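Observations on chain architecture
Below are the chains, spelled out letter by letter.
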Amino acid sequence: MDGRVFYVAAAVVALAAAAASAANDAVGFQRVLSLERAFPVKEDLEVSKARDRARRGRMLQSYSGGIVDFTVDGTSDPYAVGLYYTKVRLGTPPQEFNVQIDTGSDILWVTCSSCNDCPQNSGLGIPLNFFNGASSSTFSPMSCSDSICASIVQTASAECNSGSNQFMDASLIVNSSAPIVFGCSTSLFGDLTDSDRAVDGIFGFGQNGLSVISQLSSSRITPKVFSHCLKGEGSGGGILVLGEIMDPRIVYTPLVPSQPHYNLHLQSIAVNGQLLPIDQGLFTTSGNRGTIIDSGTTLAYLVEGAYDPLVAAITGSISPSVRPITSKGNQCYLLSTGLAEVFPEVSFNFAGGASMVLRPIDYLVHMGFADGATMWCMGFLKVPNQGTTILGGGCLSISYL
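Residues numbered from 1 in each chain as written. Predicted model: local features only at pLDDT ≥ 70, side-chain atom pairs only at ≥ 80, totals over all residues. Heavy atoms only, no water.

1. A look at the environment of Leu 364
Among the secondary structure elements, Leu 364 is positioned in strand β22 (residues 364-370). Expressed as a C-alpha distance, the spacing of Leu 364 and Leu 339, which sit 25 residues apart in the sequence, is 8.9 Å. Setting aside chain neighbours within four positions, we find Leu 364 in contact with Tyr 333, Leu 339, Phe 343, Trp 376, Cys 377, Met 378 and Gly 379. (Helix = DSSP H or I, 4+ residues; strand = E, 2+ residues; numbered from the N terminus. Contact = heavy atoms within 4.5 Å.)

Structure follows, in structure tokens:
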């Protein structure tokens with residue numbers, strides 16, 4: 001369960017709106033909240049890979065089994081990879097928390113005041129807060145025998161007892177209210193205990209019935225639709241929207257039905273407009289295979305049948321002045337000129353005619369200097385052909401999805 005243990009209770013949840021419309025019906029409901037992209041200081045690519053490996057393992061285990069707008073602020077650091085987060089307010093009176101936006105998780109959860117091993121400070125420069133149920137007039141405990149707890153324990157490989165696992169039964173308020181469920185963590189482990197990237201919790205936008213988007217849809221507060229545009233350069237930031245965007249410029253691609261994550265029909269990959277010789281079956285959803293988008297995964301992961309021809313095509317298109325090298329098992333390049341001058345565009349083409357076009361700055365990570373030249377490494381990493389292609393936050397930072 002992403003390295004956390006829960007406590008069950010009830011409170012009022014408020015999303016901190018930066019701007020809001022007056023409409024409250026399911027079609028026109030719209031709110032704007034601040035979402036920030038934060039970067040730790042010079043995080044090594046190996047750290048990102050290790051964190052993503054642990055996350056990927058957790059995600060793959062699950063295979064067996066009106067509009068709210070969030071404006072995005074933040075910074076961009078070419079030496080590091082960050083995360084996106086927004087603010088929520090829980091309880092009455094409201095207590096404020098910074099929570100990571102994560103399309104690969106289902107539950108909204110924060111840390112409890114009773115958490116003993118939770119980080120006390122964050123390297124992201126944000127205050128860390130702990131939910132105190134005793135100070136909320138809308139707080140009440142939920143029994144482990146409750147059907148909601150039972151369903152969570154079933155899907156999250158967790159145990160429920162009165163001293164460790166709890167969830168919060170709450171009301172969500174954004175000029176409207178609706179009953180929702182959120183978690184309060186009494187214990188953390190793994191990378192969640194790392195102070196360098198610590199936040200107050202996770203705001204899950206998965207397809208499970210307990211995700212906020214699912215609960216708001218069930219309460220007829222917003223449609224069961226969301227999208228986001230995450231800016232990866234300059235000041236970073238972007239926007240995340242709950243509800244349907246009506247804009248003729250948006251091109252849609254269908255999701256693969258009946259999947260726990262957001263699986264897409266990836267059909268082909270092109271470099272400088274030239275389609276690569278890749279077996280489309282490698283992207284087909286089956287068991288642990290398929291293509292998913294996940295804002296909580298830092299890098300992008302391609303099955304080797306797609307990764308090898310992609311790297312070969314990119315390397316074959318660059319000028320002789322660029323020197324390909326291998327650094328810590330990663331495909332890297334040494335160059336003395338700008339990226340756009342020597343590297344090609346890469347496009348991922350999906351069903352419905354939707355294409356995600358990546359510029360060099362979107363798929364290469366600046367890793368410092370070597371032999372007097374600038375070193376850039378691939379932001380794509382290779383996984384076995386029977387694995388899952390994951391398009392993480394780096395790829396998603398240039399498209400409205």
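Moving on from the model shown.
2. Digging into the sheet that holds β22
An order of β18-β19-β23-β22 is seen for the four strands of this open sheet, with the pairing classed as antiparallel. Two strands close off the open sheet at either side, each with one partner strand: β18 (323-327) and β22. Here the average twist between neighbouring strands, direction ignored, is 35°. Where strand β19 (residues 330-335) meets strand β23 (residues 373-378), four bridges bridge the pair, whose relative direction is antiparallel. Across the sheet, residue Tyr 333 finds its bridge partner in β23, namely Trp 376. Contacting β18, β19 and β23, helix α4 (residues 304-317) crosses the sheet at an angle of about 10° to β19. (Pairing = 2+ DSSP bridges. Axes fitted to C-alpha atoms, helices over the stretch in contact; angles between N-to-C directions.)

3. Quick look at the nonpolar core
Core analysis: the largest hydrophobic core is formed by 64 residues, its most contacted members being Phe 343, Phe 348 and Phe 380. When residues in this core are grouped by element, the largest group, five residues, is from α4. Phe 348 has contacts with Leu 266, Ser 268, Ile 269, Leu 302, Ala 354, Ser 355, Met 356, Leu 358, Phe 380 and Leu 391, leaving out every residue within four places of it along the chain. (Core = buried A, V, L, I, M, F, W, Y, C linked by side-chain atoms within 4.5 Å. Buried < 20%, exposed > 50% of the residue type's maximum accessible area, 1.4 Å probe, protein only.)

4. Some thoughts on the pairing of β23
In the case of a regular strand, side chains alternate between the two sheet surfaces. With five of six residues buried, β23 is to be regarded as a mostly interior element. Relative to β23, β22 runs antiparallel, the two being bridged by five bridges. Within β23, the position partnered with Val 365 by the bridge is Cys 377.

5. So, the state of the cysteines
Under the defined criterion, the tally for this structure stands at three disulfides. Disulfide pairing places Cys 112 opposite Cys 184 at an S-S distance of 1.8 Å. In this pair, Cys 112 sits in the loop between β8 (108-111) and α2 (147-156) while Cys 184 sits in strand β10 (residues 177-188), placing the two residues 72 residues apart along the sequence. You'll find Cys 112 and Cys 184 in the same group, each marked buried. In this model Cys 332 forms its disulfide with Cys 377; the gap between the sulfur atoms is 1.9 Å. Between Cys 332 and Cys 377, the disulfide has an S-S torsion of 95° and is therefore right-handed. With a gap of 45 residues between them, Cys 332 in strand β19 and Cys 377 in strand β23 connect regions that are remote in the sequence. (Disulfide = S-S within 2.5 Å.)

6. With respect to the pairing of strand β16 (residues 290-293)
Residue alternation in β16 divides its side chains into two sets, Gly 290 and Ile 292 and Thr 291 and Ile 293, and both sets are buried. The pairing of β16 with strand β25 (residues 388-391) spans four bridges and is parallel. Bridging from a neighbouring strand, Gly 290 pairs with Thr 388 of β25.

This is a description of form; function is not addressed.
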